[in-house]
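Spelled out, the chains give:
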Amino acid sequence: ELSSDNIGENIKLLVDRPDGTYCFRLHNDRVYYISERILKLATNISRDKLVSVGTCFGKFTKTLKFRLHITALDFLAPYAKFKVWVKPGQEQSFLYGNHVLKSGLGRITENTNQYQGVVVYSMSDVPLGFGVAAKSTQECRRVDPMSIVVFHQADIGEFIRSEDTLT
């Protein structure tokens, strides 16, 4: 789901990097992204004593749905297939956890389908967070300015709003 919704076959670029081989590991319902070199070092620590290792990409909910954490943004944004750019006035609203309205939409990647995972950017190409397209690219052109076009999933403002629960 992570690969198909956000970066597609570009997931290979995350695993086989010039600075070494990386992998994904599941620990306590959370998925971590870690270099194989550090993973080998972490095997010296028992699983029940290990709190976390690597970068947390997301977690599985009790209903076994995967939710991306904002900590994955810096790794996924360069490889995202589907992107949305928001106008400067909409940035703050998105960073407070609100959905993106058509009136705040700057650009959207061509051929984005409805319910497709997207990375949300500012107009100056700074990644702001993750979302799900509420409308396809074609529908976005025709909808009312107050319609939701991107459902909010995660944003960089979460570091401040939820810093004690992000692990």
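Residues numbered from 1 in each chain as written. Predicted model: local features only at pLDDT ≥ 70, side-chain atom pairs only at ≥ 80, totals over all residues. Heavy atoms only, no water.

## Re the environment of Ser124
The condition that has to hold: Per the convention used, a helix needs a DSSP run of H or I reaching at least four residues, while a strand needs a run of E reaching at least two, with both numbered from the N terminus.
With respect to the element layout, Ser124 can be found in the loop between β9 (117–122) and β10 (127–133). A sequence separation of 36 residues divides Ser124 from Pro88, and the C-alpha atoms of the two residues are 9.0 Å apart.

## Describing a nonpolar patch on the surface
For the record, the criterion: Nonpolar side chains (Val, Leu, Ile, Met, Phe, Trp, Tyr) within 5 Å and like charges within 9 Å form the patches, drawn only from residues with over 30% relative accessible area and no salt bridge. Accessible surface is estimated by sampling points in the Shrake-Rupley manner with a 1.4 Å probe; for residues, cover comes only from the protein chains shown. Basic side-chain nitrogens of Lys or Arg form a salt bridge, by our definition, when they fall within 4 Å of a carboxyl oxygen of Asp or Glu.
Side chains of Leu26, Phe60 and Leu64 sit close together on the surface and give an oily, nonpolar patch of about 300 Å² of accessible area. Residue placement: Leu64 occurs in the loop between β4 (55–60) and β5 (66–68).

## Regarding the sheet that holds strand β3 (residues 30–35)
For the record, the criterion: A pair of strands counts as paired when DSSP detects no fewer than two bridges linking them.
Spatial ordering of the open sheet is given by β1-β2-β3-β4-β5, a layout of five strands whose pairing is antiparallel. The open sheet is flanked by β1 (16–17) and β5, the only strands paired with a single partner. Looking at chain direction, β4 and β5 are connected through three bridges and run antiparallel. When the bridges of β5 are listed, Gly58 appears paired with Leu68.

## Notes on the environment of Asn10
Counted only if it meets this: What makes two residues a contact is simply this: any of their non-hydrogen atoms within 4.5 Å.
Along the polypeptide, Asn10 turns up in the loop between α1 (2–7) and α2 (11–15). In sequence terms Asn10 and Lys81 are 71 residues apart; their C-alpha atoms lie 8.5 Å from each other. Apart from residues no more than four positions distant in its own chain, Asn10 is found in contact with Tyr79 and Lys81.

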